[in-house]
Amino acid sequence: MLIVSTEYADLADLCGRLLVMRRGRREEELAGPMLSERQILALGMELAHANRVATMGQLSASIGHEINQPLSGVVTSAETAMLWLKTGESPNISEALRALARVVRGRRASDVVNRLGALIKRAPPQKDELDVNEAILGVVGLTDGEAVKHHVSVRTQLGERLPLIQGDRVQLQQVTLNLTMNAIEAMSPPDGGPRELLISTVKAEPDSILVAVRDTGPGIDKARLDDIFLAFYTTKPDSLGIGLSICRSIVEAHGGKLWATANTPRGAVFQFMLPITSVHSVFSSPS
Amino acid sequence: MPSKMKPLIAIVDDDESVRDAIAGLMKWLGFEVHTFVSAVEFLASPDIGVSSCVITDAQMPQMTGIELYKRMRELGHAIPTIMITAYPNEAARDHALAAGVLCYLSKPFDKDTLIDCVRSAVNREPAKGQRC
């Protein structure tokens, strides 16, 4: 008899059936423990990861399109303004200003992200009873590979006997995944500093659970601690700067808060607080 | 320029910011510009008979850029066409170029490439009245 956590039971079942089909055996022959629990879990993790990667891929393609559209207009209008200013000996200021006015209107690109945030808030949330620690351990499993690759040691300090909360497991896992990947990335530059990631949960007052992701990276400039949650604000060259803004939308949709502070002696701490109170009141149904 | 009419460029895009931005650039190049929010609107306009170049978005509701191009050909208009996409895709690109589209660009596009494409479109424009 195989024992797998309920989270991956469906995936394990799928793995089992796939194996039956591939080997052309009758199902009864699988009654014995052909796969260890560990193997099943690994397969389940892999499938969950593949599924998440596919979803993220679709999501980023569609966000990419939505952003490329206004961005394309902004770039062309800015270039046109420069052309008007560079034209011969008499720059055409009024035409350049008209082109620049179109650039300024392009600020609406940030509407894309606001809409996305609104979408997350509007989407009918799953009101699972969920164990925050279990959800976090699922994410730690997904990020193990990245941590090893970047020589980051990951520790968890999970509070015991935490009450269950009601919320959307996948969304909250996405928040944790995003914060964890950010932390690993922050510690990736080879500056010789320590590379420790600590994920902790604790029961906090009043009636909430506090999740903290601490890294020992270079930390965040104090003056920027609030800005990093703004859409399109980023310190990374290859980033759109929307991850944290979406994370904050998700946490707020759960009636919680997400913020960043400095870690001591170095690094950053991202914390989110989730209320234990019944989510029925928080997720008031949009009538 | 009293004797010579400016070439007319038709821009078809459902996104206002892209439409206006390209129109602005075409104006700097010295062309006459008309903009359309959909392929259907352009097909119904008298401009279809007099445009020197069509710059169209690839993905639009109702009728796509490539459908517009094929429809123009069916109607006998061999207007040099530049297609711009926000979903770059090799297969779609090959298909469009094989069908006779002059240039296939991805958003955000390089202005110099677009300018080169438009200039070559205007230069290769068939004489008025010529049908393909």
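On a predicted model such as this, the values are computed, not experimentally measured, just so you know.

Right, let's talk about the overall build of chain A for a bit. Counting its regular elements, chain A contains eight helices and seven strands. Within chain A, buried positions represent 40% of all 287 residues. When the accessible surface of chain A is split by element, carbon and sulfur atoms take 56% of a total near 16300 Å².

Of regular secondary structure, chain B possesses five helices and five strands. Shown N-terminal to C-terminal, the secondary structure of chain B runs as helices and strands in the order β-α-β-α-β-α-β-α-β-α. Taken over 132 residues, chain B has a buried fraction of 49%. Considering only residue pairs separated by 6 or more positions, chain B has 65% of its internal contacts joining residues 24 or more positions apart.

Turning our eyes to something else, we now look at the sheet that holds strand S4 (residues 81–85) of chain B. Residues and elements named next belong to chain B. One open sheet holds the five strands; their spatial order is S2-S1-S3-S4-S5, and the pairing between them is parallel. Only two strands of the sheet have a single neighbouring strand rather than two, namely strand S2 (32–36) and strand S5 (103–106). Direction aside, the axes of adjacent strands within the sheet are offset by 20° on average. Bridge count between S4 and S5: four bridges; the pairing is parallel. Residue pairing in the sheet places threonine 85 in a bridge with serine 106 of S5. Here helix H4 (residues 90–99) sits on the sheet in contact with S4 and S5, set at roughly 155° to S5.

So, on to the side chain of histidine 254 of chain A. Locating histidine 254 of chain A in the fold gives a position in the loop between helix H7 (243–253) and strand S6 (257–262). Of the polar contacts made by the side chain of histidine 254 of chain A, one reaches the backbone oxygen of isoleucine 250 of chain A; its length is 3.0 Å.

A few words now on the confidence of the model for chain A. All names here are of chain A. Residues of chain A with pLDDT of at least 70 account for 66%, and the chain-wide mean is 76. The least confident element of chain A is helix H1 (residues 6–23), whose mean pLDDT is 40; the most confident is strand S5 (residues 208–214), at 96. Confidence drops under a pLDDT of 50 for residues 1–33, and excluding neighbours within four residues, the segment shows 32 contacts in the predicted structure. Taken together, the stretch residues 279–287 has pLDDT below 50 and engages in 12 contacts with residues farther than four places along the chain or on a different chain.

Ranked by size, the top nonpolar core spans 36 residues in total, and within it Val132, Ile165, Leu179, Leu197, Phe270 and Phe272 of chain A carry the most contacts. If sequence neighbours within four positions are ignored, phenylalanine 272 of chain A has contacts with Val175, Thr176, Leu179, Ile209, Leu210, Val211, Val251, Lys257, Leu258 and Trp259 of chain A. Counting 24 residues, the second largest nonpolar core, distinct from the first, contains Leu83 of chain A together with Val18, Ile22 and Leu25 of chain B.

All names here are of chain A. Two elements in contact, helix H5 (residues 132–149) and helix H6 (residues 169–186), have axes whose closest approach is 9 Å; the angle formed by their N-to-C orientations is 35°. Note that H5 runs across H6; the crossing there is right-handed. Along its contact with H5, which presents Glu134, Ala135, Ile136, Gly138, Val139, Thr143, Glu146 and Ala147, the element H6 presents Arg169, Gln173, Thr176, Leu177, Thr180, Met181 and Ile184. Its residues assigned to classes, the contact of H5 with H6 comprises seven nonpolar, five polar and three charged.

On the side of chain A, 20 residues touch chain B, which itself brings 17 residues to the contact. Its largest share of buried area at the contact with chain A, chain B owes to Trp28, Pro108 and Lys111 of chain B, together 29% of the area lost on that side. On inspection of chain B and its partner chain A, the count reaches two salt bridges. When the shortest N-O distance is used, the salt bridge between lysine 27 of chain B and glutamate 95 of chain A registers 2.8 Å. Summed over the shared surface of chain B and chain A, the result is three residue pairs in polar contact (both at pLDDT 80 or more). Counting residues per element, the side of chain B that touches chain A draws most heavily on helix H1 (residues 16–28) of chain B, which supplies nine residues. Of the residues in the side of chain B that touches chain A, the class split is nine nonpolar, two polar and six charged.

The rules behind each value
Residues numbered from 1 in each chain as written. Chains lettered and ligands numbered in written order. Predicted model: local features only at pLDDT ≥ 70, side-chain atom pairs only at ≥ 80, totals over all residues. Heavy atoms only, no water. Helix = DSSP H or I, 4+ residues; strand = E, 2+ residues; numbered from the N terminus. Buried < 20%, exposed > 50% of the residue type's maximum accessible area, 1.4 Å probe, protein only. Areas by Shrake-Rupley, 256 points an atom, 1.4 Å probe, with all protein chains shown as cover. Contact = heavy atoms within 4.5 Å. Pairing = 2+ DSSP bridges. Axes fitted to C-alpha atoms, helices over the stretch in contact; angles between N-to-C directions. Polar contact = N/O pair within 3.5 Å; in protein donor to acceptor, adjacent residues only side chain to side chain. pLDDT = per-residue confidence, 0-100. Core = buried A, V, L, I, M, F, W, Y, C linked by side-chain atoms within 4.5 Å. Left-handed = near helix turned anticlockwise from the far one by under 90°. Nonpolar A, V, L, I, M, F, W, Y, C, P; charged D, E, K, R; others polar. Buried area = accessible area lost by both parts, 1.4 Å probe. Salt bridge = Lys/Arg side-chain N within 4 Å of Asp/Glu carboxyl O.

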